[in-house]
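Take a look at the letters that make up each chain.
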Amino acid sequence: MVRGRRLPFRRLPFGMLPPRTLLRRYAVAWLYLTGFVLVELVYTGLPGRDQNALEQWASTNVINLHHDPVGSLVVSAFLASGSVGAWPLLIALALFGANRALGNWRTALVCVAGHLVGTLVSEGIVDYRVGHGSLPASSLRILDIGPSYVVVSAIAVAVLYGTWPARIAAALDLAILVFAGHIFSGLSQLDVAAVGHTTAIVTAVLLGSALAWQKRRSEQLPPAPGRGELADDVD
């Protein structure tokens, strides 16, 4: 008897995936969203003085990048300022679409690269301008935290390579960040946030395009024995 071929999990709609597959296939999106929510819950439970101390320690300003680059780069991506309640939705709108488009490790790589390069370029410009007298020394200690570089990196991927629902969600996400968050405000004056967001998006477009090409190429090759549908979940 010839058995019919089952539809690969990657082609099933989001709501039709088994729970285990849903968690595994979108592992990066779930992990980042959960981590962000947990950090924010801990943050809101701290006294005001401790909240301020945590923000200052996690800020990816020039001083912290010189003295504790790893700690500040990691924690700053999970700690938001301003309208904290909106960020879980903004993260979900971007990350799940990007995760579906590129798979887990590629999505993680793009988001980490966008956050890292966006931070280093924007704060590097601040360091240069302070050194040449065009900014005050206090600019070396600005508060620079938030998940937005990660989010705009995921938005770039989702818009370029996501499904149509993912592209619409990512476009809505970007519109909110642009018109409500003013993420590009001050770009002509080399504002830190504006430069960082622009750099993160450019980084995500370049790296994401290379990884999308690599993913399509790998999918055209015959699957290795024993991989089967599991590859659809984790790639």
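Residues numbered from 1 in each chain as written. Predicted model: local features only at pLDDT ≥ 70, side-chain atom pairs only at ≥ 80, totals over all residues. Heavy atoms only, no water.

**Student:** Describe a nonpolar patch on the surface, listing the residues and the values that go with them.
**Tutor:** A cluster of nonpolar residues, L160, V202, V205 and L206, forms a patch on the protein surface that exposes about 320 Å² of accessible area. Looking at which element gives the most residues to the nonpolar patch, the answer is helix α10 (residues 192–220), with 3 residues. (Patch = residues over 30% accessible without salt bridge, like charges linked within 9 Å, V, L, I, M, F, W, Y side chains within 5 Å. Areas by Shrake-Rupley, 256 points an atom, 1.4 Å probe, with all protein chains shown as cover. Salt bridge = Lys/Arg side-chain N within 4 Å of Asp/Glu carboxyl O. Helix = DSSP H or I, 4+ residues; strand = E, 2+ residues; numbered from the N terminus.)

**Student:** Summarise the nonpolar core; cite the residues concerned and give the values.
**Tutor:** Formed by 41 residues in total, the largest nonpolar core has its most connected members in W87, I91, L95, V151 and L177. Sequence-distant contacts of W87, defined by excluding residues within four places in its chain, comprise F36, A80, S81, P147, S148, V151 and L177. (Core = buried A, V, L, I, M, F, W, Y, C linked by side-chain atoms within 4.5 Å. Buried < 20%, exposed > 50% of the residue type's maximum accessible area, 1.4 Å probe, protein only. Contact = heavy atoms within 4.5 Å.)

**Student:** Requested: an account of the confidence of the model for the chain, with residues and values cited.
**Tutor:** When pLDDT is averaged across the chain, the result is 89; 86% of the residues are at 70 or more. In this model residues 228–232 is a low-confidence stretch, pLDDT under 50, and it forms 8 contacts with partners more than four residues away in sequence or in other chains. (pLDDT = per-residue confidence, 0-100.)

**Student:** Kindly report on the layout of surface pockets, identifying the contributing residues and their values.
**Tutor:** One simple way to see leftover space: roll a probe sized like a water molecule over the atoms. Approximately 580 Å³ is the volume attributed to the second largest pocket. Elements with a minimum of two residues in the lining of the second largest pocket: α6 (87–102), α7 (104–131), α8 (148–161), α9 (164–179) and α10. With 4 residues, the single largest contributor to the lining of the second largest pocket is α10. In the lining of the second largest pocket, the residues fall into 16 nonpolar, 12 polar and 2 charged. (1 Å grid on protein atoms, 1.4 Å probe; cavity = no way out; pocket = protein on both sides within 12 Å on 5 of 7 lines; lining within 4 Å. Points joined across faces, edges and corners; volume = space filled by probe spheres on them. Nonpolar A, V, L, I, M, F, W, Y, C, P; charged D, E, K, R; others polar.)

**Student:** Can you tell me about the packing of α6 against α8, naming the residues and giving the values?
**Tutor:** Packing of α6 against α8 brings their axes to within 8 Å, and their N-to-C directions diverge by 45°. In terms of their interaxial angle, α6 and α8 are classed as oblique. The handedness of the crossing between α6 and α8 comes out as left-handed. Contact residues: W87, L90, I91, A94, L95, G97, A98, A101 and L102 in α6; S148, V150, V151, A154, I155, V157, A158 and Y161 in α8. The residue inventory of the contact of α6 with α8, partitioned by class, reads 15 nonpolar, 2 polar and no charged. (Axes fitted to C-alpha atoms, helices over the stretch in contact; angles between N-to-C directions. Parallel < 35°, antiparallel > 145°, perpendicular 65-115°, else oblique. Left-handed = near helix turned anticlockwise from the far one by under 90°.)

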